[in-house]
Amino acid sequence: MIFYPVGNGDTTQVILDNGKRVLFDFRHKECAEEESTPEIDLKATLKKDLAEADRASFDVVAFTHADNDHIQGSTDFFWLEHAKRYHGEGRIKIDQLWVPAAMLLEEATHDQQSEEFVLLRQEARHRLLEGKGILVFSKPQALADWLEPKLKDRGEALSARDHLFVDAGTLVPGFTLAQDNVEFFCHSPFIEHCDDGDIIRNSAALVFNVRLQADGLTYDYLEVGDAEYCDLEKIVDITKYHKNDDRLAWDLFNIPHHCSYRALSDEKGDEETTPCEKVAELLMMGKPDSYIVSCSLPVTDSKEAYEQVQPPHIQARKTYEKYLRKVDGRSFLVTMEEPNGYKPQPIVFNVAAAGVTWEKSAASLGSAAIVASSPSRAGA
């Protein structure tokens, strides 16, 4: 499990024992190609990583939603099937694209960094019509209405694409604990996110429980995108109603929206944010020795930080740290802080029989070696 320091933005990667690679989101800032900037050169890093593994593609690239800080630079990096101008040497291929239904339905506006979004929307629509290389999460009526006449023109039934849609509350096909030591449980989006009026990207985003297995023991990672507190409340309620409570538990939690208080409550609070009831329940589902990761800029404790409008919010950090202590968790980590704020490095976790372990970098340990910070209770 790798979390990349890309500023206030998300890119994470799951690398399985069998060599399969799943990338969640992609945010590359051009300024990161300069040595003087703290953000990682994501394009160079991923290309080097793939070359060392003798790979030219990711098994899965999942875009949780279409905000710029989750897609920036992607259309220059990836091979896009829908047009030859986006083919070419050096572009990285996507074996299977995962997108929320909203990405196929949204209309671009000037303030949504529309060029890259439109290209990804075209790519998703192309793959869906071709019937391969994609999974779409949720099947709202609006998408069925868009798809039906196009399939009719191709002489195909609407049901011909049913296998490419994944509903909330189900496992994603293609991965199993038995064969891959991983399974992906879809928490969201729900059909109503696209059928009940205007599409709200954050609410319609992908949310997963990623269950990883090592030597017969399982560990859980929550990949939450930019969900807000009201979205998390609904996820908790529906998951518990269907008696899937175990899918809310976590050893590793990628908190939403770059440590925004809006993932906890509608009120920031003065010193810390008081989470709403259902979000507090979710935070209490953390297991002993668990970790929280904030994909964000440094979260500082200063007078100015308490008045900061945009995330990250120090009030939210204090809340997450408070709940980590309650569940005997280990560390709250910030991508742009590890091992320092000047030149942060990817945060890497290993999952093995001993549990989820954080590999601390040499710079943070004052050593020339890479060592693992192992949990004190095996299997926690």
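Residues numbered from 1 in each chain as written. Predicted model: local features only at pLDDT ≥ 70, side-chain atom pairs only at ≥ 80, totals over all residues. Heavy atoms only, no water.

Its 17 residues give helix α5 (residues 114–130) an end-to-end C-alpha distance of 24 Å, which sits within 8% of 24 Å, the value for a rise of 1.5 Å per residue. Turning to α5, its buried residues are E116, F117, L119, L120, R121, E123, A124, R127, L128 and L129. Phi turns positive one or two residues past the end of α5, at G131, with a value near 80°. (Helix = DSSP H or I, 4+ residues; strand = E, 2+ residues; numbered from the N terminus. Expected span 1.5 Å × (residues − 1). Buried < 20%, exposed > 50% of the residue type's maximum accessible area, 1.4 Å probe, protein only.)

A separate point is a negative patch on the surface. A contiguous patch of negative charge on the surface is contributed by E30, E33, E34, E35, D76 and E115. Relative to the assigned elements, E30 resides in the loop between β3 (21–24) and α1 (42–52). (Patch = residues over 30% accessible without salt bridge, like charges linked within 9 Å, V, L, I, M, F, W, Y side chains within 5 Å. Areas by Shrake-Rupley, 256 points an atom, 1.4 Å probe, with all protein chains shown as cover. Salt bridge = Lys/Arg side-chain N within 4 Å of Asp/Glu carboxyl O. Lys, Arg positive; Asp, Glu negative; His and termini not counted. Charge placed at Lys NZ, Arg CZ, Asp CG, Glu CD.)

Another point: the sheet that holds strand β9 (residues 207–214). Spatially, β8-β9-β10-β11-β12-β13 is the arrangement adopted by the 6 strands of the open sheet, whose pairing is mixed. One side of each edge strand has no neighbouring strand; the edge strands of this open sheet are β8 (182–188) and β13 (331–334). The sheet shows a mean angle of 20° between the axes of neighbouring strands, direction not considered. With 7 bridges connecting them, β9 and strand β10 (residues 217–223) associate as antiparallel partners. Considered in β10, the bridge of V210 is made with Y221. On the sheet, helix α12 (residues 314–326) packs against β11 (250–254), β12 (286–294) and β13 and is oriented at approximately 150° with respect to β13. (Pairing = 2+ DSSP bridges. Axes fitted to C-alpha atoms, helices over the stretch in contact; angles between N-to-C directions. Contact = heavy atoms within 4.5 Å.)

This part takes up the packing of aromatic side chains. The way to describe two aromatic rings as a pair is by their centre distance and the angle between their planes. For the structure on display, the rule yields 20 aromatic pairs. For the pair F26 and F77, a centre-to-centre distance of 4.8 Å together with 25° between the ring planes defines the contact as stacked. With F26 in the loop between β3 and α1 and F77 in helix α3 (residues 74–77), this pair connects stretches of sequence that are 51 residues apart. By relative accessible area, F77 is classed as buried at 2%. Where Y291 meets W358, the ring centres are 6.4 Å apart and the plane angle is 75°; that geometry is what we call edge-to-face. With a gap of 67 residues between them, Y291 in strand β12 and W358 in strand β15 (residues 355–360) connect regions that are remote in the sequence. A relative accessible area of 8% means that W358 is categorised as buried. By the ring-pair criterion, three or more aromatic residues cluster together here, those being F24, W98, F137, F175, F184 and F208. Across the ring face of W79, the terminal group of K93 is positioned such that the distance to the ring centre comes to 4.2 Å. (Phe/Tyr/Trp six-rings, centres within 6.5 Å; stacked < 30°, edge-to-face > 60°. Lys NZ or Arg CZ within 6 Å of the ring centre and 35° of its normal.)

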